[in-house]
Amino acid sequence: MPVANERIIVLESIRRNLPGIVTVLLALAAVSCDRQSPAIDRQGVNPPEISLHLSVREDGTATPLWASGIAISIGGDAATALINEKRPLTPEASAWQQVLSDYLPLVEVRAGAVAELFDVPAMDVVVVAGNRGSSDGFGWIPNHIGINVQAFADTYGSPDEGATDRMVRIVAHEYLHLLTYAAYPNHRELRQTPLDRALWTIFFEGIGDYVSVSRRWLPDEQGNYSPVAADTLSALEPVFVERLEKLATADEQTEQELRAGISMGKFDRKWGSLPVALWLHSEVRQCGEPNTLRTVFRLERGSVLMLALRHASPEFRPAIRALQDRTGRRQSDAAGVGAGCLATPRDR
Ligand SMILES: [Zn+2]
């Protein structure tokens, strides 16, 4: 998202078009997950309370709460005008809203699991369903997530057998963003230079994509990349390095051009967040999930280049080390290349 808008969370619509990683969700998704069903196994997770606000009224106008969310990206006047337009839910959008409503307990379980994985306090949130003026998912501080069910319908068509998984993954991605902002109330101070701003975005969206990529992006049991992940990394790693090198010396004018595609736009072209998500999956497969994720979360921006050093093609290591030197975050401990894990023994 543009730096200028960073006072809010506005979470770009991610083409998070794939089922998520988290085993708890996959396991639960296999079960009957009807909202009234008692079959949801919370597996020891203490889920937060996620309440649902349906913003689209019967006459097609929307409630002011939806305006407060979309105003962040389109402005207050435009948001007010938009909620007063009569845009009743289409059948497809209504079906997506029903998915969200029916499976809210599953969303809660997934949210609780995400908080636990990253070792941050869970947060009760309000999910606001609307049908205009935004991407499919976004959020705003401190505790609101917007889901544009019309955007879901436009992008994915009518809900299919993967709809529940997709909805839960996208809400979980936005939920992790809210937790991240809560954990780093000083996040603006962490972004004083173009390079630091880029690294923050890549960290922030990289862990978001980590929780929302689907199964086809995941590595095998040995940590080997899936075919689509390997091909995508081959294409994106050179871009990742080149853009960060240029951002290290960029002025504010060129910064925006260089950030294009860092975590927005076509999913498989997201040169910043997607490589980090895929590297992180590989790291997790080799080193275990909670310890790795907690370490990454604690290291925030610094984790980006550490993951790059460990997992990007070796030809990029000199450039990545030079970037680490620029940020003063070069690591000499177990986070280096080769054996071991990003999480040090103490962390683990
Ligand atoms: Zn995001």
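Look a little higher up for the structure.
Residues numbered from 1 in each chain as written. Predicted model: local features only at pLDDT ≥ 70, side-chain atom pairs only at ≥ 80, totals over all residues.

Draft legend 1. Local environment of the overall build of the protein chain. Counting its secondary structure elements, the protein chain contains 14 helices and four strands. Within the protein chain, the proportion of its 348 residues that are buried is 48%. (Helix = DSSP H or I, 4+ residues; strand = E, 2+ residues; numbered from the N terminus. Buried ≥ 20, exposed ≤ 12 C-beta atoms within 10 Å, placed from the backbone.)

Draft legend 2. How the structure looks around the sheet that holds strand β2 (residues 125-130). One open sheet holds the four strands; their spatial order is β1-β2-β4-β3, and the pairing between them is mixed. Where the open sheet ends on each side, the last strands, each with one partner, are β1 (50-54) and β3 (137-140). Strand-to-strand twist of the sheet, defined as the mean angle between neighbouring strand axes without regard to direction, takes the value 25°. Relative to strand β4 (residues 144-148), β2 runs parallel, the two sharing five bridges. Across the sheet, residue V128 finds its bridge partner in β4, namely G146. (Pairing = 2+ DSSP bridges. Axes fitted to C-alpha atoms, helices over the stretch in contact; angles between N-to-C directions.)

Draft legend 3. Seen up close, unusual backbone geometry. Across the junction of I141 and P142, the peptide omega takes the value 0°, indicating a cis bond. As for its placement among the helices and strands, P142 is situated in the loop between β3 and β4. The residue D119 is not glycine, and still its phi comes out positive at about 60°. One can find D119 in the loop between α5 (104-117) and β2. When the 14 C-beta atoms within 10 Å are taken as the criterion, D119 is described as partly exposed. Phi at E300 is positive, roughly 35°, even though this residue is not glycine.

Draft legend 4. Region of interest: the pairing of β4. Counted residue by residue, β4 has five buried out of five residues, so it is predominantly covered. With burial as the criterion, each face of β4 is covered, one bearing H144, G146 and N148 and the other bearing I145 and I147. Alignment of β3 against β4, held across four bridges, turns out to be antiparallel. By the bridge assignment, W140 is partnered in β4 with H144.

Draft legend 5. Broad picture of the nonpolar core. Core analysis: the biggest nonpolar cluster contains 90 residues, and V114, V127, V171, Y175 and A308 have the highest contact counts within it. Here this core gets ten residues from one element, more than from any other, and that element is helix α8 (residues 194-212). Of the residues that make up this core, three or more belong to each of domain 1 (3-183) and domain 2 (194-327). The contact partners of V127, leaving out residues within four places of it in the chain, are I50, L52, L100, I145, I147 and V171. (Core = buried A, V, L, I, M, F, W, Y, C linked by C-beta atoms within 7 Å. Domains from an automatic or database assignment. Contact = placed C-beta atoms within 7 Å.)

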